[in-house]
Amino acid sequence: MRKRGFIGSLVSLVMLLRVLPAADSLQLTLPPVWYGTPGVPVSLYYDNVVLTEHPEALRFEVKCDLGQSEARRWTVTPEDKDVGEHAMEVVVRDAAGKELERGQTRLRVAPRDAGKGRELKLLIVGDSLTAATAYPNEIARLLSLPENPGWKMYGQHRPASAQPGVAHEGYGGWTWAAFLTRHEPKEERTPDGKGWKKRSSPFVYLDGQGNPALDVARYLKEQGGEEKPDVVTFLLGINDCFGAKPENPDATIDTMFTNAEKLIAAFRVASPRTVIAIGLTTAPNSREGAFQANYKGKYPRWGWKRIQHRLVQRQLAQFGGREKDGIYVVPTELNVDPVEGYPADNAVHPNAAGYAQIGSSFYSWLKHWMSGPQ
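Rules and cut-offs
Residues numbered from 1 in each chain as written. Predicted model: local features only at pLDDT ≥ 70, side-chain atom pairs only at ≥ 80, totals over all residues. Heavy atoms only, no water. Helix = DSSP H or I, 4+ residues; strand = E, 2+ residues; numbered from the N terminus. Buried < 20%, exposed > 50% of the residue type's maximum accessible area, 1.4 Å probe, protein only. Contact = heavy atoms within 4.5 Å. Areas by Shrake-Rupley, 256 points an atom, 1.4 Å probe, with all protein chains shown as cover. Lys, Arg positive; Asp, Glu negative; His and termini not counted. Charge placed at Lys NZ, Arg CZ, Asp CG, Glu CD. Pairing = 2+ DSSP bridges. pLDDT = per-residue confidence, 0-100. Axes fitted to C-alpha atoms, helices over the stretch in contact; angles between N-to-C directions. Parallel < 35°, antiparallel > 145°, perpendicular 65-115°, else oblique. Left-handed = near helix turned anticlockwise from the far one by under 90°. Nonpolar A, V, L, I, M, F, W, Y, C, P; charged D, E, K, R; others polar. Salt bridge = Lys/Arg side-chain N within 4 Å of Asp/Glu carboxyl O.

(A) Geometry of the overall build of the protein. What the protein contains, in helices and strands, is 10 helices and 17 strands. Counting only residues that meet the buried cut, the protein has 52% of its 374 residues in that class. Considering only contacts within the protein whose residues lie at least 6 apart along the sequence, 74% involve residues at least 24 apart. Summed over all atoms, the accessible surface of the protein reaches about 16,400 Å², with 51% contributed by carbon and sulfur. On the protein, the mean spot of the 46 positive side-chain charges and the mean spot of the 43 negative ones are 2 Å from each other.

(B) Examining the sheet that holds strand 4 (residues 68-69) more closely. The strand order across the open sheet formed by three strands is 2-5-4, and the pairing between neighbours is antiparallel. Each edge of the open sheet is held by one strand with a lone partner, namely strand 2 (42-45) and strand 4. As judged from the two bridges shared by strand 4 and strand 5 (residues 73-76), these two strands associate in the antiparallel manner. Each residue of the ladder has a partner; that of Gln68, found in strand 5, is Thr75.

(C) Region of interest: the confidence of the model for the protein. When pLDDT is averaged across the protein, the result is 93; 93% of the residues are at 70 or more. Within the model, pLDDT remains below 50 along residues 1-23, and this stretch shows 13 contacts once partners closer than five positions in the same chain are excluded.

(D) Layout of the packing of helix 5 (residues 216-224) against helix 7 (residues 250-270). Axis separation between helix 5 and helix 7 bottoms out at 8 Å; the angle between their running directions is 55°. It follows from the interaxial angle that helix 5 and helix 7 lie oblique. The handedness of the crossing between helix 5 and helix 7 is right-handed. Contacts between helix 5 and helix 7 involve Val216, Ala217 and Leu220 from the former and Leu263, Ala266, Phe267 and Ala270 from the latter. Partitioning the contact of helix 5 with helix 7 into residue classes produces seven nonpolar, no polar and no charged.

(E) Here's a closer look at helix 3 (residues 134-143). The buried fraction of helix 3 is high, at eight of 10 residues. Considering only its buried residues, helix 3 is in contact with strand 8 (119-126), helix 2 (128-131), strand 9 (150-154), strand 15 (231-235) and helix 10 (352-371).

(F) View of the environment of Pro300. Structurally, the position occupied by Pro300 is in the loop between helix 8 (288-295) and helix 9 (301-319). Given a relative accessible area of 37%, Pro300 falls into the partly exposed group. Distance in space between the C-alpha atoms of Pro300 and Gly170 is 26 Å, their sequence separation being 130 residues.

(G) Representation of the packing of helix 3 against helix 10. Running from N to C, helix 3 and helix 10 point in directions that differ by 45°, and their axes come no closer than 8 Å. Classified by the interaxial angle, the pair formed by helix 3 and helix 10 is oblique. Helix 3 and helix 10 meet at a crossing whose hand is right-handed. Listed contacts from helix 10 to Ala134, Tyr135, Glu138, Ile139, Leu142 and Leu143 of helix 3 are Tyr355, Ala356, Ile358, Gly359, Ser360, Phe362, Tyr363, Leu366 and Met370.

(H) A look at unusual backbone geometry. You will see that Gln27, though not glycine, has its phi angle at about 50°, which is positive. As for its position among the elements, Gln27 is in the loop between helix 1 (2-19) and strand 1 (33-36). Residue Gln27 is classed as partly exposed on the basis of its relative accessible area of 29%.

(I) Quick look at the pattern of salt bridges. Counted under the stated rule, the structure contains 23 salt bridges. Arg73 is the partner of Glu70 in a salt bridge, and the nearest nitrogen-oxygen pair spans 2.8 Å. We classify Glu70 as partly exposed; its relative accessible area is 35%. Of the charged contacts in the structure, one is a salt bridge between Asp82 and Lys81, with a shortest N-O distance of 3.4 Å. Overall, Asp82 belongs to the buried group, its relative accessible area being 9%. In this structure Lys81 comes out as exposed when scored by relative accessible area, which is 67%. Several salt bridges converge on common partners, so that one network encompasses Lys63, Glu89, Glu99 and Arg102.

See the structure below:
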């Protein structure tokens, strides 16, 4: 019995090794910097940083002076003594211990009281992940903790699920292009009056000739008068790129970036001091069954995983290193649990825990930004 068990284990190991990707295909992708705040858990989920169908066949080692490694993640809840920058190295090995790839990043922990005594004016823009209102609610909850700034959210969308003061511009199925150009001659609200069946982009108005035109300055004036938002966050990309070719999504991503840059430029012209924060497109549910439940085999998980991974790489290249222009990257894709952060039957929309992780990622970046010179 022992001999047969050993042989069976050996066969299982051989089969597992066969599914391992080649070293050059893992594409370990880490942002240069990510963010934490005392008292708020933050994690790096291994499945979210490599391109493989079988992360369980790999060994991950994280070297850092704080936090701990677990089976599917590295995690930490920073303390006040941890404020500052912490170098991190991620090493990926195969089942036999051979190193496949390694990469570096830095975790910046902001002070608990960053921004205290000021008012933060915030506009949140996105697709159905934002429309669900769960992560804007979490941002609001965290900002309402002691030693935080006062806060105000701009936006025309205040669904029934929104907590007091929470508003945003998040709409299911929307893309960068939709916010840039969409116009509906006859907008239609839901029966409760809190949502929309059809609507124009909140940033598009009819001009003097009756033609729809982008007018971010008018939107900001109508929302805040002379008070412009300090920060505009964007979390988009799923709808822009979901139908791309998994083997080569770059042309679709190029089109998305063209639209994104136009909308960002319009905000920069309308309010030069407003900071733009780009959330990296979140990784999908780890379960193939969730994709089957939603798409009946038309869009398998591995197809979207390849697109999403490439999209994150491109977003880091497109928007990274532009802080001097008031454009920042928020690594929202690291901190969403691809297993426990999703329901069993939804491919790209998190559950309450996953949405809270998105919210805490934006919150920790906001705290970092508020800790610096404004």
